[in-house]
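Residue-level listing of the chains:
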Amino acid sequence: MKIAVVGCTHAGTAAITQMAKLYPEARITVYERNDNISFLSCGIALHVGGVVKDAGQLFYSTPGQLAELGVVTHMRHDVLEIDTDMKMLRVRNLATGITFADTFDKLVMTTGSWPIIPQMEGIGLENVVLCKNYNHAQTIIEKAVHAERIAVIGAGYIGIELVEAFEQLGKKVTLIDNMERILCKYLDREFTDLTEQALGDKGIEIVTGQTVTSFAGKEGRVTTVITTAGEYKADLVVLCIGFRPNTGLLEGQVDMLPNGAIIVDEYMRTSKPDVFAAGDSCAVRYNPTGQNAYIPLATNAVRMGTLVAKNLLRPTVRHLGTQGTSGIKIYDYNIASTGMTEAAALAAGMIVKNVTITEHDRPEFMPTFDDVLLKVVYEADTRRIVGAQVLSKADLTQSINTLSVCIQNGMTMDELSYVDFFFQPHYNKPWNLLNQAGLQAV
């Protein structure tokens, strides 16, 4: 059996390592256009800020390790064309320029995503950079050394983590986003107000509700970010606008969402026989709505990649869908969310209610205790839980993992009221915070 794998980041690495173990007789060939694999881009801000000193620690596999498993990995090889009917692909060796063809019995598409690059005046100026892979990380670090004013475009997780890292390096930082609030995909206003205040207290300039229209520069180097409502000085600009799936090779050959994300079934099969896909190139079933959605997360990618291997020969292990569960640390705040925000649910036409609790994390008779903000969103008629968010200085983010399981299993607020949670004064109260949310909904 010949298996061709196109792309080797999170999903690809997970699929390859599992396939090598499950099918030792298979000939697995990997094509990767970059010069490295398995880079944890979520660690870029930690590297920029100096928390992670050695970027090599952000890799969790190498071509050498794959070779030990019997896998042939072609680095710096760009797949130019795929014919899924003929089961052939055409490849260019980027080092030599030589082009050749290969065949496959099974194809695994783990081509990931790429940053959205807006086409606007000044986008090609020096010091306007992307933030996705290892080379981007190194470029940002090198240029940040000489930068005094840094603008980050995009107030998602990556953008927020970067502005914190830049501020801690002593830079003057501006965060720009076209939405009215930062992190609005993940958090409702009660939470984003607190996070914006935390950033503002550190001197970070937050510019929301403005769209970047162009960049201006001097002698080929960026100096100004121009938006729909103002101009902001910057000698380094980092684009964190978002990502789109890298799926052009299969365009017109398999079913996709309008944005190009490949649609797979619960066994990671595309609409074309013997073609599998996983990771940021794919859509995934979003459990709060039951619909396919594009949610590029490393956690989704490694699960999907592993399931490709499990289901390569026959449907064996079903994908359980995702809640898009995620977390972030912003200065002293530990923040996590799962499922839909109230704003997202209402925008989707759902009729929802919520319980929002401000409580102490443990009994007041303890020497110390911290405030916790918890919000749980649920359907008004069925009372099914569809989303939750938590923010506190104490680390209670694991409570969101619990609520993620609740959403995955279709639990209601009434059931949440009486779930069995332990009590120990060092950690919590007799009525667990999650129990309290369920009881208040009743």
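What comes next concerns the included structure. Only a predicted model underlies this, so the values are computations on that prediction, with no experimental measurement involved.

Let's shift gears to the overall build of the chain. For the chain, the helix and strand inventory stands at eleven helices and 25 strands. The C-alpha radius of gyration of the chain comes to 23 Å, within 12% of the 22 Å expected for a compact globule of 442 residues. Sequence separation of 24 or more characterises 62% of the internal contacts of the chain that already satisfy a separation of 6 or more. For the chain, the accessible area works out to roughly 19,800 Å², and carbon and sulfur atoms hold 50% of it. Counting 38 positive and 48 negative side-chain charges, the chain places the centres of these two groups 4 Å from one another.

Right, let's get into the environment of Pro296. Mapped onto the fold, Pro296 is located in the loop between strand E20 (291–293) and helix H7 (298–310). In this structure Pro296 comes out as partly exposed when scored by relative accessible area, which is 30%. Separated by 106 residues in the primary sequence, Pro296 and Glu190 place their C-alpha atoms 25 Å from one another.

So, on to the sheet that holds strand E1 (residues 2–6). Spatially, the five strands line up as an open sheet ordered E3-E2-E1-E7-E18, and their pairing is parallel. Strands with a single pairing partner mark the edges of an open sheet, and in this sheet they are strand E3 (72–75) and strand E18 (275–277). Across the sheet, the mean angle separating the axes of adjacent strands is 15 degrees when strand polarity is ignored. Here strand E2 (residues 27–32) runs beside E3; their pairing, made up of four bridges, is parallel. Note on E3: the bridge partner recorded for Tyr31 is His74. Strands in contact with helix H1 (residues 10–22) are E1, E2 and strand E7 (106–109); relative to E2, the strand with the most contacts, it is inclined by about 165 degrees.

Turning next to the nonpolar core. Of all hydrophobic cores here, the largest spans 53 residues; its most connected members are Met19, Ile28, Ile82, Leu89 and Leu107. Setting aside its immediate chain neighbours within four residues, Leu107 contacts Ala4, Val6, Ile82, Thr84, Leu89, Asp274, Val275 and Phe276. If you look at the next biggest cluster of nonpolar residues, it comprises 41 residues, including Cys131, Leu162, Val173 and Leu175.

On to the packing of H1 against H7, then. Packing of H1 against H7 brings their axes to within 7 Å, and their N-to-C directions diverge by 25 degrees. It follows from the interaxial angle that H1 and H7 lie roughly parallel. Here H1 runs over H7; the crossing is right-handed. From H1, His10, Ala11, Ala14, Ala15, Gln18, Met19 and Leu22 reach across to H7, where they touch Ala298, Ala301, Val302, Gly305, Thr306, Val308, Ala309 and Lys310.

Relative to the assigned elements, Ser281 resides in the loop between E18 and strand E19 (284–286). According to the relative accessible area criterion, Ser281 is buried, its value standing at 0%. For Ser281, the residues in contact, after removing those within four places along its chain, are Met109, Thr110, Thr111, Gly112, Pro245, Asn246, Thr247, Gly260, Ala261 and Ile262.

Glancing now at the pattern of salt bridges. The tally for this structure, following the rule as stated, stands at 19 salt bridges. Across the salt bridge formed by Asp274 and Lys87, the nearest N and O atoms sit 2.6 Å from each other. With Asp274 in the loop between strand E17 (243–245) and E18 and Lys87 in the loop between strand E4 (77–83) and strand E5 (88–93), this residue pair connects regions lying 187 residues apart in the sequence. By relative accessible area, which is 23% here, Lys87 ends up partly exposed. Bridged by salt links that share partners, the residues Asp188, Glu190, Glu342 and Lys375 form one connected network.

Moving on, we get to the environment of Thr358. On the secondary structure map, Thr358 appears in strand E23 (residues 352–360). Its relative accessible area of 61% is what places Thr358 among the exposed residues. Between the alpha carbons of Thr358 and Ser392 there is a distance of 9.8 Å; along the sequence they are 34 residues apart. Discounting residues that sit within four places of it in the chain, Thr358 has contacts with Val372 and Leu373.

Time to look at the sheet that holds strand E24 (residues 371–379). Across the sheet, which stays open at both edges, the five strands sit in the order E21-E22-E25-E24-E23 with antiparallel pairing between neighbours. At either end of the open sheet lies a strand with only one pairing partner, and these are strand E21 (326–330) and E23. Sheet twist, expressed as the average angle between the axes of neighbouring strands with direction ignored, equals 10 degrees. As judged from the five bridges shared by E21 and strand E22 (residues 333–339), these two strands associate in the antiparallel manner. Each residue of the ladder has a partner; that of Lys329, found in E22, is Asn334. Running over the sheet, helix H6 (residues 189–201) touches E21, E22, E23, E24 and strand E25 (385–392) and is turned about 145 degrees from E24. Across the sheet, helix H9 (residues 398–408) touches E22, E24 and E25, and the angle it forms with E25 is around 180 degrees.

Spanning 13 residues, H7 covers 19 Å between terminal C-alpha atoms, matching the ideal 18 Å at 1.5 Å per step. Residues of H7 that are buried: Asn300, Ala301, Met304, Gly305, Leu307, Val308 and Ala309. Turning to H7, the residues buried within the fold contact H1, E7, E18 and E19.

Rules and cut-offs
Residues numbered from 1 in each chain as written. Predicted model: local features only at pLDDT ≥ 70, side-chain atom pairs only at ≥ 80, totals over all residues. Heavy atoms only, no water. Helix = DSSP H or I, 4+ residues; strand = E, 2+ residues; numbered from the N terminus. Rg over C-alpha atoms; globule rule 2.2 N^0.38 Å. Contact = heavy atoms within 4.5 Å. Areas by Shrake-Rupley, 256 points an atom, 1.4 Å probe, with all protein chains shown as cover. Lys, Arg positive; Asp, Glu negative; His and termini not counted. Charge placed at Lys NZ, Arg CZ, Asp CG, Glu CD. Buried < 20%, exposed > 50% of the residue type's maximum accessible area, 1.4 Å probe, protein only. Pairing = 2+ DSSP bridges. Axes fitted to C-alpha atoms, helices over the stretch in contact; angles between N-to-C directions. Core = buried A, V, L, I, M, F, W, Y, C linked by side-chain atoms within 4.5 Å. Parallel < 35°, antiparallel > 145°, perpendicular 65-115°, else oblique. Left-handed = near helix turned anticlockwise from the far one by under 90°. Salt bridge = Lys/Arg side-chain N within 4 Å of Asp/Glu carboxyl O. Expected span 1.5 Å × (residues − 1).

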